[in-house]
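# A closer look at the structure
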Amino acid sequence: MSAVTATTGPRADARIPLRAHVRHTGALVRRNLLWIRQDPESMFDAVLFPIVFTLLFVYVFGGSIGQSLGGGQQAYVQYIVPGLMAMMGMNMAQGVGTGFNQDFNTGVMDRFRSLPIGRGSVLFAKISVEMLRMLIATVILMVVGVLVGFDITDWPGLFAAVGLSAVFGTALMWIFITLGVVMKNAQSVQAMGFLVLMPLQFGSSIFAPTQSMPGWLEAFTRYNPLSSLADAARGLMVGGPVAHDLWMTLAWSVGITAVMAPVAIHKFRTKS
């Protein structure tokens, strides 16, 4: 067995000290950021998604749904912006899967495996960059939200909501890392992500209250983690009950991570 193979085998991470892991992760984060600078189109989703969705839902549905909330369009702005923040983590998490798949298909991962770096550094660098993209999208969402009338009354609550969305989004990344490793191409990852995301997004309390939904769908929304995250974000940002939805979101995040992180790491280590 060659020295390179021995260094990059499944037990390589155990032989690399923590400081080296941190250094390798930092170098790979820089590599990913340089790639984004060379390909700025890869940031279109993070930049355009919060703008398009905020304007679309506020000005197309804000009047009618806002009336059901008892306050017109302004009431809907206060309702939809925290919901879109909850949605942000899920959509940004999908980028991890497509990015991993492209790296495998273009031979970038083969290059990483030939280097004496920890396998975990590749994973955590990708997650770190997607977290940065998520924060950029959140900042843009809040700027657009303020421009259309969102009233920030609780800054600590806002930061807590951003942190909660980041925690849940990070948990979802493990699902999309698994999809990125096992799917044949990036289009398959996007298609599978679409099939998973759409029912969860629209079968939740993100865009509208759930009281008028059919009984079976309203029951589904109660157990939908996106409903818990959206309702927790609203409670933190604009006031209202928080504790139950907060703990439900954290429980979902821990559960998804506990189940999917080992699967994603195993698939990543053993992919030929």
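These numbers come from a predicted model, not from an experiment.

## Details of helix H4 (residues 44-68)
Look at H4: 33 Å from first C-alpha to last across 25 residues, which is about the 36 Å you get at 1.5 Å a residue. Of all the bends in H4, the greatest measures close to 70° and is centred on glycine 62. Looking at H4, one finds that the buried residues are Ala46, Phe49, Pro50, Thr54, Phe57, Val58, Gly62, Ile65 and Gly66. Downstream of H4 by a residue or two, glycine 70 has a phi angle that is positive, lying close to 90°.

## Comments concerning the nonpolar core
Among the nonpolar cores identified, the biggest contains 68 residues, and Phe100 and Ile177 are the most heavily contacted of them. If you tally residues by element for this core, the top one is helix H5 (residues 72-105), at 16 residues. Here phenylalanine 100 is in contact with Met109, Val122, Leu123, Lys126, Ile177, Gly180 and Phe268, once residues within four sequence places are set aside.

## Some points on empty space enclosed by the protein
Scanning the entire structure with this criterion turns up two cavities of 30 Å³ or more. Approximately 70 Å³ is the volume found for the largest cavity. If you go around the largest cavity, you meet 10 residues; those closest to its centre are Phe112, Arg113, Arg119, Val122 and Phe268. Of all the secondary structure elements, the ones that give two or more residues to the lining of the largest cavity are helix H6 (108-113) and helix H7 (119-147). When residues in the lining of the largest cavity are grouped by element, the largest group, three residues, is from H6. Grouping the amino acids of the lining of the largest cavity by side-chain chemistry returns six nonpolar, two polar and two charged. As a volume, the second largest cavity reaches approximately 30 Å³. Looking at the lining of the second largest cavity, the elements that each hand over two or more residues are helix H3 (18-38) and H7. Within the lining of the second largest cavity, the residues separate by chemical class into four nonpolar, one polar and three charged.

Rules used in this analysis
Residue positions within a chain follow its written sequence, with the count starting from 1. It should be noted that, the model being predicted, local features are given only for residues of pLDDT at least 70 and side-chain atom pairs only at 80 or more, the latter also being counted only at that level, while totals for whole chains, interfaces and linings use all residues. Each side-chain value is worked out from all heavy atoms of the structure, with water and hydrogens disregarded. Strands are runs of DSSP state E lasting at least 2 residues, helices are runs of H or I lasting at least 4, and numbering of each runs from the N terminus. The span one expects for a helix is its residue count, reduced by one, times 1.5 Å. To get the bend at any residue, fit one axis to the seven residues that end at it and another to the seven that begin at it, then take the angle between the two axes. Using a 1.4 Å probe on the protein chains alone, a residue whose accessible area is under 20% of its type maximum counts as buried, one over 50% counts as exposed, and one in between counts as partly exposed. Only buried residues count toward a nonpolar core. Its members are Ala, Val, Leu, Ile, Met, Phe, Trp, Tyr and Cys residues joined through side-chain atoms within 4.5 Å. Whether two residues are in contact is decided by their heavy atoms, any of which lying within 4.5 Å being enough. In this analysis the probe radius is 1.4 Å and the grid spacing 1 Å, with only protein atoms considered; a cavity is a set of points the probe fits into but cannot get out of, a pocket is an open set with protein on both sides within 12 Å along at least five of seven lines, and lining residues have an atom within 4 Å of a point. Grid points are joined across faces, edges and corners, and a volume is the space filled by probe spheres set on the points. Each residue receives one of three labels: charged for Asp, Glu, Lys and Arg, nonpolar for Ala, Val, Leu, Ile, Met, Phe, Trp, Tyr, Cys and Pro, and polar for the others, Gly being one of them.

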